[in-house]
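# Remarks on the overall topology
Residue strings, one per chain:
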Amino acid sequence: AGSAVVFAGLTVIIALSGLAIVGFRFLTLMGLGAALAAAFAVFVALTLMPALLGMFGRALFKPKIPGVAKHDPEDDRYVTNGQRFAQLIARIPAVTLAVGVIALAALAIPAAGINLGLPGEESLSEEQSARKAYDIRTEGFGEGSNGILQIAVDLTDVPEDRRGPALDDLREVLVSQDEMDYVAGPIRSDDGAGAMFQGVPLSGPNNQDTKDLMQDVRDAEAGLTSEYGMEYGVTGTTAIFADIDNKLLDAIVPYMAIVAGAAFILLILVFRSILIPFAAAAGYVLSVAATFGAVVLIFQEGTFGFIDDPRPVVSFLPIMMIGLIFGLAMDYTLFTVTRMREEYIHGQPPLQAMINGYHHGARVVVAAAIIMISVFGAFIMETDPTSKQMGF
């Protein structure tokens, strides 16, 4: 069990420390802080717990609580639910595998339509004054009035006699965009070397159409730069949030590759096997995909009416979910398979070693999972939609 705890702790530390590659300071600090906490937890489990067991011995397990652990799972004279489940798997392994993979893959399908967004005023409770102001502004001036794009123009390299035509052409480009409601400006700087437009989109700040509009406006810069020598940038809260969303989305695949690759190497060292790490990595990927799909289905699409106001998935949630699920998936694999391997090393044939490992280890994994579900499930009770998503 000691080696299982060490390697389980290492997988969690790798997953959390890996958040540093995303490039956001707050995620890096959260990851490193949580990784340090995991390291302390491993240290306590390997030092304090054995010391207490050695000091107090049998007194730690008295008095016995009626009805709890009536049959010790270490006692092979009794058949546990874990053992029954393992025997069922042993009878129909191909069916069990197929059902598990198909169920997770089907649940993962909605993940293809994931739309990320940072929580803004539209994410607040309808009772809060900021949300009421957002709704009033939407009703009076359209949803896009909450997601104004600021277009800052640099005319330094444009001859003075061409600055007016350059701004006129830029305004024409902005107005011609299908998703643009209207354009205000330009507002010229005192020295004439700068200007600013305000573009009001038809859709809200977290809508994908608004993000596409922002990108289309940016893509049009090259043509105007070659013709006039002008440069401009799209900024403002809406643009900043969209850029953060894109950066986090682009980081998902490299992050998954790093943590899964590191875990693969660790599991090879633990089990001296290629197939077990491959199966664990495949199960992890399926778990992540199914989780993404479920979150999109419930919170973005509003399926089953779990929430009244569907909204994009919080942009930093996928990265954090990848780390959390990675740690849990690898740990549960380690705890279960370590016990199976122990049975095998002690002389049991592979199939019986799997059944015995389930018999002895399933209760630990189920108890650990119930603890984690209880912790995360408490956040679903919060009124804040971001907390609900995180908890779910």
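Below is a short write-up of the structure. If you're wondering where the values come from, they're calculated on a predicted model, not measured in any experiment.

### Quick look at the side chain of Ser145
Within the fold, Ser145 resides in the loop between helix H5 (129–141) and strand E2 (149–154). Leave out the neighbours within four places in its chain, and Ser145 touches Arg137, Thr138 and Val200.

### Quick notes on the pattern of salt bridges
Using the criterion set out here, one finds four salt bridges in the structure. Here Asp245 and Lys211 are joined by a salt bridge, their closest N and O atoms 3.0 Å apart. Of the two residues, Asp245 is situated in helix H9 (residues 237–271) and Lys211 in helix H7 (residues 208–219); the sequence distance between them amounts to 34 residues. Residue classification places Asp245 among the buried residues on the basis of a relative accessible area of 2%. Using a relative accessible area of 9% as the deciding quantity, one classes Lys211 as buried. Between Arg339 and Glu342 there is a salt bridge, with its nearest N and O atoms 3.7 Å apart. In this pair, Arg339 and Glu342 are both assigned in helix H11 (residues 317–345), three residues apart and thus about one turn of the helix distant. Relative accessible area serves as the criterion here: at 33%, Glu342 is assigned to the partly exposed category.

### Remarks on the packing of helix H1 (residues 2–17) against H9
Following both chains from N to C, one finds H1 and H9 inclined at 165°, their axes separated by 9 Å at the closest point. Classified by the angle between their axes, H1 and H9 sit roughly antiparallel to one another. In this structure, H1 meets H9 at a crossing whose hand is right-handed. Of the residues in H9, those touching H1 at Phe7, Leu10, Thr11, Ile14, Ala15 and Leu16 are Tyr255, Val259, Ala262, Leu266 and Val270. Along the lines of polarity and charge, the residues of the contact of H1 with H9 split into 10 nonpolar, one polar and no charged.

### Looking at the sheet that holds strand E5 (residues 231–235)
Pairing in this open sheet of four strands is antiparallel, and the strands run E3-E4-E2-E5 from one edge to the other. Among the strands making up the open sheet, the edge pair consists of strand E3 (180–188) and E5. Each neighbouring strand pair of the sheet contributes to a mean axis angle of 20°, computed without reference to strand direction. Relative to strand E4 (residues 194–201), E2 is paired through six bridges, and the arrangement is antiparallel.

### Looking at the nonpolar core
Tyr284, Ile319 and Ile322 are the most contacted members of the largest nonpolar core, which totals 43 residues. Elements with a contribution of two residues or more to this core: H1, H9, helix H10 (275–300), strand E6 (313–314) and H11. When neighbours within four sequence positions are excluded, Ile322 is seen to be in contact with Ile252, Tyr255, Met256, Tyr284, Val288 and Phe292. With 23 residues, the next largest nonpolar core counts Ile151, Phe197, Val217 and Tyr232 among its residues.

### Re the packing of aromatic side chains
Aromatic ring pairs are described here by two measures, namely the spacing of the ring centres and the angle between the planes. Enumeration according to the criterion identifies five aromatic pairs in this entry. Relative to Phe326, the ring of Tyr284 lies with its centre 5.3 Å away and its plane at 80°, an arrangement referred to as edge-to-face. Pair noted here: Tyr284 is in helix H10 and Phe326 is in helix H11, with a separation of 42 residues, a long-range link. Residues Tyr284 and Phe326 agree in their burial class; the two are buried. A ring pair is formed by Phe299 and Phe392, whose centres lie 5.4 Å apart and whose planes are at 70°; its orientation type is edge-to-face. In this pair, Phe299 is assigned in helix H10 and Phe392 in the segment after helix H13 (385–391), connecting sequence segments 93 residues apart. In this structure an aromatic cluster arises from ring pairing among Phe24, Phe26 and Phe316. The ring of Phe24 has Lys247 sitting right over it, with the charged end atom 5.0 Å from the ring centre.

Cut-offs used in this document
Residues numbered from 1 in each chain as written. Predicted model: local features only at pLDDT ≥ 70, side-chain atom pairs only at ≥ 80, totals over all residues. Heavy atoms only, no water. Helix = DSSP H or I, 4+ residues; strand = E, 2+ residues; numbered from the N terminus. Contact = heavy atoms within 4.5 Å. Salt bridge = Lys/Arg side-chain N within 4 Å of Asp/Glu carboxyl O. Buried < 20%, exposed > 50% of the residue type's maximum accessible area, 1.4 Å probe, protein only. Axes fitted to C-alpha atoms, helices over the stretch in contact; angles between N-to-C directions. Parallel < 35°, antiparallel > 145°, perpendicular 65-115°, else oblique. Left-handed = near helix turned anticlockwise from the far one by under 90°. Nonpolar A, V, L, I, M, F, W, Y, C, P; charged D, E, K, R; others polar. Pairing = 2+ DSSP bridges. Core = buried A, V, L, I, M, F, W, Y, C linked by side-chain atoms within 4.5 Å. Phe/Tyr/Trp six-rings, centres within 6.5 Å; stacked < 30°, edge-to-face > 60°. Lys NZ or Arg CZ within 6 Å of the ring centre and 35° of its normal.

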